[in-house]
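# Structure at a glance
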Amino acid sequence: TVTIISPFIFTRNWTGIDFSQTGQIGDTIGGLTAPFLNFLTIILLYLTLREQTQSTKKQRDFDSINQLFNTVKNDFESINVYQSGQSQASYCGTRAVFEMRETLLNCQDISTCMDEASLRAFNLSFTFLIFNVSQLLKKNFHSSIDKDEKIEIYEAVKKFKTPIDMLITASGLYFQKR
């Protein structure tokens, strides 16, 4: 606004300032307004760069969280249970977690219901799942993404909570029986 108003103000006689003897009026106005405009430009440039940096950090955090969520989803879907017995049944994902829960609740000795390799594979897959869920929740909490996006991630992770809680409870009950 200073640059728009200045030529009008400085070319009127009623201001009490006479520019007729100072040379080019444009040089005078430019000399007076340039420092203000340069300072304003620097401030706007700083604000733009700061906003761009924050936006890039948010995007990087969101991409990282999204990748970790996909890892958790894949971990959950790749959990397998192979039960010994007549049928040699195999289950994946949610069904595998529920079958393992039933096995823990109904089997007196897990080694008679499952072979050791299957049990170790399930345990390892479940451990990776828990670790990655923990990492996802931690990263989501400390990220710079918006609060609404954080809530959306928490809501998406909640679908894994029930099967995990059921399996942990069944594990506790199994070891109490022993």
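Residues numbered from 1 in each chain as written. Predicted model: local features only at pLDDT ≥ 70, side-chain atom pairs only at ≥ 80, totals over all residues. Heavy atoms only, no water.

## Regarding the confidence of the model for the protein chain
Under the convention used in this document: pLDDT is a residue-level measure of predictor confidence that goes from 0 to 100. Secondary structure elements are taken from DSSP: a helix is a run of H or I of four residues or more, a strand is a run of E of two residues or more, and numbering for both begins at the N terminus.
Per-chain confidence: the protein chain averages 84 in pLDDT, with 83% of residues scoring 70 or above. Between the elements of the protein chain, mean pLDDT differs from a low of 70, seen in helix α1 (residues 2-10), to a high of 91, seen in helix α2 (residues 25-77).

## Re a nonpolar patch on the surface
Put simply, the test is: Two distance rules govern patches: like charges are joined within 9 Å, and nonpolar side chains (Val, Leu, Ile, Met, Phe, Trp, Tyr) within 5 Å, applied only to residues with over 30% relative accessible area and no salt bridge. Each accessible area is a Shrake-Rupley estimate made with a 1.4 Å probe; only the visible protein chains count as cover when residues are assessed. We define a salt bridge as a contact between a side-chain nitrogen of Lys or Arg and a carboxyl oxygen of Asp or Glu at a distance within 4 Å.
Judged by side-chain polarity, Leu-37, Phe-39, Leu-40, Ile-43, Leu-44, Tyr-46 and Leu-47 come together as a nonpolar surface patch covering roughly 660 Å² of accessible area. Tracing the backbone shows Leu-37 in helix α2.

## Thoughts on the environment of Ile-110
What counts here: Each residue's exposure class comes from its accessible area (1.4 Å probe, protein chains only) as a fraction of the maximum for that residue type: buried when under 20%, exposed when over 50%, partly exposed otherwise.
By secondary structure assignment, the location of Ile-110 is in helix α4 (residues 110-113). Residue Ile-110 is classed as buried on the basis of its relative accessible area of 11%. Once the C-alpha coordinates of Ile-110 and Met-100 are considered, the two residues, ten residues apart in sequence, prove to be 9.9 Å apart.

## Notes on the nonpolar core
Counted only if it meets this: Among buried residues, those of type Ala, Val, Leu, Ile, Met, Phe, Trp, Tyr and Cys that are joined through side-chain atoms within 4.5 Å constitute a nonpolar core. The criterion used for residue contact is that any of the two residues' heavy atoms lie within 4.5 Å.
Counting residues in each nonpolar core, the largest one holds 26 residues, and the members touching the most others are Met-100, Leu-129 and Leu-136. Secondary structure elements with two or more residues in this core: α2, α3 (93-106), α5 (116-142) and α6 (147-177). Here this core takes seven residues from α6, the largest share from any one element. Excluding residues that lie within four positions of it along the chain, Leu-129 makes contacts with Val-72, Asp-75, Phe-76, Ile-79 and Ile-164.

## Quick notes on the layout of surface pockets
Picture a little ball the size of a water molecule; that probe, rolled over the atoms, points out where space is still empty. The criterion, for reference: Cavity: a set of points on a 1 Å grid over the protein atoms alone where a 1.4 Å probe fits but cannot get out. Pocket: an open set with protein on both sides within 12 Å along at least five of seven lines, its lining residues, like those of a cavity, having an atom within 4 Å of a point. Grid points are joined across faces, edges and corners, and a volume is the space filled by probe spheres set on the points. When residues are sorted by character, Ala, Val, Leu, Ile, Met, Phe, Trp, Tyr, Cys and Pro go into the nonpolar class, Asp, Glu, Lys and Arg into the charged class, and all the rest, Gly among them, into the polar class.
In this model, the largest pocket occupies a volume close to 280 Å³. Lining the largest pocket are 14 residues; nearest its centre among them are Leu-104, Leu-119, Asn-123, Ser-171 and Phe-175. Those elements giving two or more residues to the lining of the largest pocket turn out to be α3, α5 and α6. The element contributing the most residues to the lining of the largest pocket is α5, with five residues. A breakdown of the residues in the lining of the largest pocket according to their chemical character gives nine nonpolar, two polar and three charged.

## Points about α5
What counts here: Each helix should span, by expectation, one fewer than its residue count multiplied by 1.5 Å. Any pair of N or O atoms that falls within 3.5 Å is considered a polar contact. Within protein, one atom must be able to donate a hydrogen and the other to accept it, and sequence-neighbouring residues count only if both atoms are side-chain atoms.
Across its 27 residues, α5 extends 39 Å between first and last C-alpha, which sits within 8% of the 39 Å expected from 1.5 Å per residue. Those residues of α5 that sit buried are Ser-118, Phe-122, Phe-126, Leu-129, Asn-132, Val-133, Leu-136 and Asn-140. For α5, the N-terminal capping position is held by Asp-115, with its side-chain oxygen 3.2 Å away from the main-chain nitrogen of Ala-117.

## Brief notes about the side chain of Ser-143
Positionally, Ser-143 belongs in the loop between α5 and α6. A distance of 3.0 Å separates a polar side-chain atom of Ser-143 from the backbone oxygen of Asn-140. With sequence-adjacent residues up to four places away left out, Ser-143 is seen in contact with Asp-61, Ile-65 and Lys-150.

## Structural notes on the environment of Glu-99
Examined against the element boundaries, Glu-99 turns out to sit in helix α3. A sequence separation of 17 residues divides Glu-99 from Tyr-82, and the C-alpha atoms of the two residues are 9.5 Å apart.

## Observations concerning the packing of aromatic side chains
Where we set the bar: Paired rings are identified among Phe, Tyr and Trp, the last through its six-membered ring, by centres lying within 6.5 Å, and are further divided according to the angle between planes into stacked (under 30 degrees), edge-to-face (over 60) and tilted (the rest).
If you walk through the whole model with that rule in mind, you get three aromatic pairs. A ring pair is formed by Phe-69 and Phe-160, whose centres lie 6.2 Å apart and whose planes are at 55 degrees; its orientation type is tilted. Of the two residues, Phe-69 sits in helix α2 while Phe-160 sits in helix α6, which places them 91 residues apart along the sequence. As far as the burial class goes, Phe-69 and Phe-160 line up, both buried.

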